[in-house]
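Chain by chain, the residues:
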Amino acid sequence: MALVEEIDYGTPSVHSDTMVTLTIDGEQVTVPAGTSIMRAAMEMGTKIPKLCATDSLKSFGSCRLCLVEIDGRAGTPASCTTPVGPNMVVRTQTPKLEQLRKGVMELYISDHPLDCLTCGANGDCELQDMAGAVGLREVRYGYQGENHFDSVKDESNPYFSFDPAKCIVCSRCVRACEEVQGTFALTIDGRGFASKVSPGMNESFLGSECVSCGACVQACPTATLIEKNVLAHGQPEHSVVTTCAYCGVGCSFKAEMRGEEVIRMVPWKDGKANHGHSCVKGRFAWGYATHKERILSPMVREKITDPWREVSWDEAIGFAASEFKRIQAKYGKDSVGGITSSRCTIEETYLVQKLVRAGFGNNNVDTCARVCHSPTGYGLNQTFGTSAGTQDFDSVEHTDVVLVIGANPTDGHPVFASRMKRRLREGAKLIVIDPRRIDIVRTPHVEATYHLPLLPGTNVAVLTAIAHVIVTEGLVNEAFVRERCDWEAFSEWAAFVAEPRNSPEAVEKISGVPAQTIVDAARLYATGGNAAIYYGLGVTEHSQGSTTVIAIANLAMATGNIGRPGVGVNPLRGQNNVQGSCDMGSFPHELPGYRHISDTPTRTLFEGAWGVSLDAEPGLRIPNMFDAAVGGSFMGLYVQGEDIVQSDPDTHHVTAGLAAMECIVVQDLFLNETANYAHVFLPGSTFLERDGIFINAERRVQRIRRVMSPRNGKADWEITQDLSNALGYPMHYTHPSEIMDEIARLTPTFAGVSYAKLEAVGSVQWPCNEAAPEGTPVMHIDHFVRGQGRFLITEYQPTDERSNRKFPLLLTTGRILSQYNVGAQTRRTENVVWHEEDQLEIHPADAEARGIRSGDWVRLASRAGETSLRATVTDRVAPGVVYTTFHHPMTQANVVTTDYSDWATNCPEYKVTAVQITPSNGPSEWQRRYSEHAGKSRRILADAAD
Amino acid sequence: MSPDKLVYMANQIGKFFASQDHADGSKAVDGIATHLRKFWDPRMRREIVAKVRAGEAGGLDPLPRRAIEQLAAGE
């Protein structure tokens, strides 16, 4: 196996209908008009020496190394900044060019520490390569002149080092930060010889606005910016293309290896979701895979108050199976169930739901999407006919108006956010609907045209008011609606939204958003060209989450913003495989491919394939499982890779449900909070240790590939298979590709997906079948999946979770860039330097009224419970609103969230909790007790397994 | 499972389907009943049916009550 080499064409590709033919070094080449000579040369395999150029960045023309000669033109223009012309005749190698390039290289090298043998970039240094390419043999100026050798290294970033002594000031890092990442954290400080790369205002990397995405490190042609892991271990010797296991963007990476050790993860240029970009999590935060707290041996215990006992796989699997059988014999077949994980592969989630339906004989299977995007499934299915976003990420390049609601892309989906910001810098307009002034509202060279800082819980009212403006001002795309949608349903909807109670003026009183801002935003969305809606959990995690998704779909249909690039409805999925786990029948009411369990032909199909009779009734959803456990009818649970104690709302209720069960089997990397209530622990494998498929937010089906042996001994699909076999329902897969083949046979939207297909084309977006053999980047082009688009009325119903004198503030929760979900992975990496604890954001007015300053401990109390954490006083939140994250178990933000949930799906209402904030002396009594309980629950007996 | 919680959930569902029906409520009742059949585990449906039959679902709104009576009649 070798390193996956990528060709650097020097400048970005150009799209043009006009083709240009020219001659380079005597050979003809035809390229799109606007292409640089440098790229045209590389297209035919001719490398022109370069240093400041790389094809992820616009041409810059500073290094003067890529000079060429062109017949009929004076001088030696830079090939990176000179576009091709018809019949142009170019020479890339002449005696004159050789002399010029050597001269340029001499200047560079005269101020470069020649420590190549001990340099971290040895073997991967473009400066070294160019010295060879131009034939540099001497430096006439010597090495004794003024230089930068004594510049101080910046080691502040935990993942990469910055050594100014090795910098050639090519500005690739600065341009990567601007053009690729869009953060503008770097600049060139000083002029002439004093020029130097500077994070912010001469700050350290860690102290600057740098978001540690790694784009600058990737762009650096020398060892100036280099991964500390490469410095410590040397260059990788082979690489494997795989997919990130963090958010729903699904970035492709090259895992660059030495043997079975990951040296670095480098974003893959051909990755269709990320096009060579990354964020701090995917690029750097994979060290949890070898963290000392990872559990590698199966463990069991009779009671949750006992210490864990390490046992063999056979004993652990056998114990789990016998307990599930015992419980079913005692309480009935419906008394057990399972939860699939959006962090696992589609093959693994498919197997868990198969185990539940075929092995347990019921439909008590649910997935963590229950608590995030289940309303997306319901809302988009009702309106469009399928439970998925409508576009690919590339679609944003054609968007004129971006509407972001209830999502924080720069933190939650940073790589896509960078593309969104680039489009906004190109001139697209931005509307943000969010209670907080999230970063994208105002960030370098991007400013929202309208920010609607609504009160938490009023999404439906605001979206319906936007619809009111569109309808009453005649902005409906009637031709689209008449051709593509149910006209009668539209007419009823239009009459409803036009009612005065849905006017911006009326909704201002409910939402706090000025009526004129609603009017302006509506006009921009409806008339600004291609308009696309991007949304997240700020939409779904409400008691009207499904209604909000429906309201979004209504807007897209009414304005004809559906069915072509640049428009659409785009749920930003939180976890890497939320889309895939939902696609694979993880919900209790439907089989893979979103087909209801009561549908006899579908059920018959699966019964035939699986050789069992399937229950036609829906099973329990996750919140229902806890209720049923407390009620005594649900007593056993198999949890694949989800920490429900930390992530699900109303922790007291969750733990009461778990404590009532007789057997909980947790399959995970670490002893998470849920494991405190478990009887069997089955150690899972990381995404680096197994083969499989993740499906990202744009329905993109992508491979993950095993780059190291599972340290726990088994891939997760093997564990589920072993458990199923022990339960008496046989499974005999020898590779995940066989599971994929079964999925394709049984699921029409995946009929064309196979490992061979993915090897050939890299990735596809479902539906991928006979009708769309190469996949479907944009859905609903000619007609909706359900036939006609269906408008539904979106009556605003205020949540019953209301503020009052006792709980006067509204809490909303979210995530930040450096941490992921419950933090089980990211807390076990150096990412903690950016976020070592959850903090409470509170507006200065609310803080002052309570005598609270930034850094103070505060007590956060709701009707459900209380916890303590430190405060950050900021006007990012509006008066009356407070915000925190849920990344740390000792904060347990979900102790205070309630069990109110979405009417259609039971998705919890995380985003609205009435709370009170008061000064505190430190962690609460509950936190102290919980800490003690967690410590006791994690005891492991010293005796190892036989 | 707490019957009060089931009543609360049924009322939530009822409010959505009520908003889709500007006539006599039969469309809403059908919508609620269908939703409960499609998404509620049978034990949840049995519990709320039993509650209605026992006259212990006082907090149940009229439309979800009719839907649950429709479910009960179908059993």
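Remember, predicted model here, so these are calculated numbers, not experimental data.

**Quick word on the overall build of chain A**
- When you go through chain A residue by residue, the secondary structure sums to 29 helices and 36 strands.
- Taking 2.2 N^0.38 as the reference for a compact globule, 946 residues should give roughly 30 Å; the C-alpha atoms of chain A span a radius of gyration of 29 Å, in line with that estimate.
- Viewed in the frame of its principal axes, chain A has a C-alpha envelope of about 90 × 75 × 65 Å.
- In chain A, which comprises 946 residues, the share counted as buried stands at 64%.
- Intrachain contacts of chain A at a sequence separation of at least 6 include 73% that bridge at least 24 residues.
- For chain A, the computed accessible surface area is about 32,400 Å², with 50% contributed by carbon and sulfur atoms.
- Positive and negative charge centroids in chain A, built from 88 and 112 side chains respectively, lie 2 Å apart.

**Some details on the packing of aromatic side chains**
- Applying the stated criterion across every chain yields a total of 28 aromatic pairs over all chains.
- When the ring of Tyr900 of chain A is compared with that of Tyr8 of chain B, the centres are 5.7 Å apart and the planes differ by 50°; the resulting orientation is tilted. With one member in each of two chains, Tyr900 of chain A in the loop between β35 (881-885) and β36 (913-919) and Tyr8 of chain B in helix α1 (residues 3-19) form a pair that bridges those chains.
- On the basis of relative accessible area, Tyr8 of chain B is assigned to the partly exposed category, the value being 29%.
- The residue whose ring lies beneath Arg436 of chain A is Tyr883 of chain A, and the NZ or CZ to ring-centre distance is 3.5 Å.

**Some points on empty space enclosed by the protein**
All names here are of chain A.
- The tally for this structure, following the rule as stated, stands at eleven cavities of 30 Å³ or more.
- In this structure, the largest cavity encloses a volume near 640 Å³.
- In this structure, the largest cavity is lined by 38 residues; those nearest its centre are Leu537, Glu541, Thr813, Gly814 and Lys911.
- Taken together, the elements giving at least two residues each to the lining of the largest cavity come down to α18 (537-540) and β31 (809-814).
- Across the lining of the largest cavity, the residue classes tally to 14 nonpolar, 17 polar and seven charged.
- Roughly 210 Å³ of volume is contained in the second largest cavity.
- Lining the second largest cavity are 17 residues, and of these Arg343, Asp668, Leu669, Ser685 and Gln825 sit closest to its centre.

**Points about the pattern of salt bridges**
Residues and elements named next belong to chain A.
- Within this structure, the stated rule accounts for 61 salt bridges over all chains.
- Ionic pairing is found between Lys354 and Glu742, a salt bridge with its closest N-O pair at 3.0 Å. Within this pair, whereas Lys354 is found in helix α9 (residues 346-360), its partner Glu742 is found in helix α26 (residues 736-746), the two being separated by 388 residues in sequence.
- Its relative accessible area of 5% is what places Lys354 among the buried residues.

**Comments concerning α26 of chain A**
Residues and elements named next belong to chain A.
- Counting buried residues in α26 gives eight out of eleven residues, a clear majority hidden from the surface.
- Looking at α26, one finds that the buried residues are Pro736, Ser737, Ile739, Met740, Glu742, Ile743, Ala744 and Leu746.
- Of the surrounding secondary structure, the elements contacted by the buried residues of α26 are α9, β24 (595-596), α21 (600-610), β28 (692-695), α25 (716-727) and α27 (755-761).

**Remarks on the sheet that holds β36 of chain A**
Residue and element names in this part refer to chain A.
- The sheet built from six strands closes into a barrel, its strands ordered β31-β35-β32-β34-β33-β36 with mixed pairing. Averaged over all pairs of adjacent strands, the angle between strand axes in this sheet comes to 45°, irrespective of strand direction.
- Examined bridge by bridge, strand β32 (residues 839-842) and β35 share two bridges and lie antiparallel to one another. Looking across to β35, one finds that Ile842 is bridged to Val882.

**Considering the interface of chain A and chain B**
- Counting residues at the interface gives 33 residues for chain A and 23 residues for chain B.
- A combined buried area of about 2,400 Å² lies between chain A and chain B, and 53% of that area is made up of carbon and sulfur atoms.
- Its salt-bridge partner being Lys5 of chain B, residue Asp899 of chain A comes within 3.1 Å of it at the nearest N-O pair.
- Counting across the chain A and chain B interface gives ten residue pairs in polar contact (both at pLDDT 80 or more).
- If you list the elements that add at least two residues to the side of chain A that touches chain B, you get α19 (545-558) and α22 (622-631) of chain A.
- Of all the elements, α22 of chain A adds the most residues to the side of chain A that touches chain B, at four residues.
- Grouping the amino acids of the side of chain A that touches chain B by side-chain chemistry returns eleven nonpolar, 13 polar and nine charged.

**Digging into the layout of surface pockets**
Residues and elements named next belong to chain A.
- Here the second largest pocket defines a volume of roughly 1,100 Å³.
- Taken together, 41 residues line the second largest pocket, and the ones lying closest to its centre are Asp411, Asp439, Ile816, Leu817 and Arg876.
- Listing elements by their share of the lining of the second largest pocket, those giving two or more residues are α11 (409-412), α12 (414-425), β18 (442-443), β32 and β35.
- Here the lining of the second largest pocket gets four residues from one element, more than from any other, and that element is α12.
- When the residues that make up the lining of the second largest pocket are grouped by side-chain class, the tally is 15 nonpolar, 14 polar and twelve charged.
- Counting contributing residues per domain, the lining of the second largest pocket is built from domain 3 (387-571) and domain 4 (809-937), each supplying no fewer than three.

**A word on unusual backbone geometry**
Residues and elements named next belong to chain A.
- Residues Trp766 and Pro767 are joined by a peptide bond in cis, for which omega reads 0°.
- Looking at the secondary structure, you find Pro767 in the loop between β30 (763-765) and β31.
- The phi dihedral of Arg64 is positive, around 65°, even though this residue is not glycine.
- Along the chain, Arg64 turns up in the loop between α1 (37-43) and β3 (69-70).

**Let's talk about the domain arrangement of chain A**
Residues and elements named next belong to chain A.
- Entries for chain A in the domain assignment read domain 1 (19-93), domain 2 (322-373 + 578-731 + 738-746), domain 3 (387-571) and domain 4 (809-937).
- Computed from C-alpha coordinates alone, the two centres of domain 3 and domain 4 are separated by 28 Å.
- Surface buried jointly by domain 3 and domain 4 totals about 1,900 Å² across both partners, of which 52% is contributed by carbon and sulfur atoms.
- Seen at the junction of domain 3 and domain 4, the total is four salt bridges.
- Glu841 is the salt-bridge partner of Arg436, the closest N and O atoms lying 3.1 Å from each other.
- Here the side of domain 3 that touches domain 4 is built from residues that sort into six nonpolar, twelve polar and five charged.

**A look at the pairing of strand β16 (residues 401-405) of chain A**
All names here are of chain A.
- Burial analysis of β16 places five of its five residues in the buried class, the great majority of the element.
- Where β16 lies against strand β17 (residues 429-433), five bridges are found, and the strand directions are parallel. Of the residues in β17, the one forming a bridge with Ile405 is Ile433.

**Details of the sheet that holds strand β9 (residues 238-243) of chain A**
Residue and element names in this part refer to chain A.
- Strand order across the open sheet formed by three strands is β9-β10-β11, with antiparallel pairing between neighbours. The outermost strands of the open sheet, each flanked by one partner alone, are β9 and β11 (261-267). In this sheet, neighbouring strand axes are inclined to one another by 30° on average, regardless of whether the strands run parallel or antiparallel.
- Pairing of β9 with strand β10 (residues 252-258) involves six bridges; the strand directions are antiparallel. By the bridge assignment, Val240 is partnered in β10 with Ala255.

**Observations concerning the pairing of β17 of chain A**
Residue and element names in this part refer to chain A.
- With four of its five residues buried, β17 lies for the most part within the structure.
- Note that β17 and strand β20 (residues 450-452) share three bridges and pair parallel. Bridge pairing links Val432 to His451 in β20.

**As for the packing of helix α2 (residues 95-110) of chain A against helix α3 (residues 126-133) of chain A**
Residues and elements named next belong to chain A.
- At their nearest, the axes of α2 and α3 sit 10 Å apart, and the two run at 140° to each other. By the angle class used here, α2 and α3 are oblique. In this structure, α2 crosses over α3, and the sense of that crossing is left-handed. Only Leu127, Met130 and Ala131 of α3 make contact with α2, whose side of the interface consists of Met105, Tyr108 and Ile109.
- Considering only residue class, the contact of α2 with α3 consists of six nonpolar, no polar and no charged.

So, how was this worked out
Residues numbered from 1 in each chain as written. Chains lettered and ligands numbered in written order. Predicted model: local features only at pLDDT ≥ 70, side-chain atom pairs only at ≥ 80, totals over all residues. Heavy atoms only, no water. Helix = DSSP H or I, 4+ residues; strand = E, 2+ residues; numbered from the N terminus. Rg over C-alpha atoms; globule rule 2.2 N^0.38 Å. Buried < 20%, exposed > 50% of the residue type's maximum accessible area, 1.4 Å probe, protein only. Contact = heavy atoms within 4.5 Å. Areas by Shrake-Rupley, 256 points an atom, 1.4 Å probe, with all protein chains shown as cover. Lys, Arg positive; Asp, Glu negative; His and termini not counted. Charge placed at Lys NZ, Arg CZ, Asp CG, Glu CD. Phe/Tyr/Trp six-rings, centres within 6.5 Å; stacked < 30°, edge-to-face > 60°. Lys NZ or Arg CZ within 6 Å of the ring centre and 35° of its normal. 1 Å grid on protein atoms, 1.4 Å probe; cavity = no way out; pocket = protein on both sides within 12 Å on 5 of 7 lines; lining within 4 Å. Points joined across faces, edges and corners; volume = space filled by probe spheres on them. Nonpolar A, V, L, I, M, F, W, Y, C, P; charged D, E, K, R; others polar. Salt bridge = Lys/Arg side-chain N within 4 Å of Asp/Glu carboxyl O. Pairing = 2+ DSSP bridges. Axes fitted to C-alpha atoms, helices over the stretch in contact; angles between N-to-C directions. Buried area = accessible area lost by both parts, 1.4 Å probe. Polar contact = N/O pair within 3.5 Å; in protein donor to acceptor, adjacent residues only side chain to side chain. Domains from an automatic or database assignment. Parallel < 35°, antiparallel > 145°, perpendicular 65-115°, else oblique. Left-handed = near helix turned anticlockwise from the far one by under 90°.

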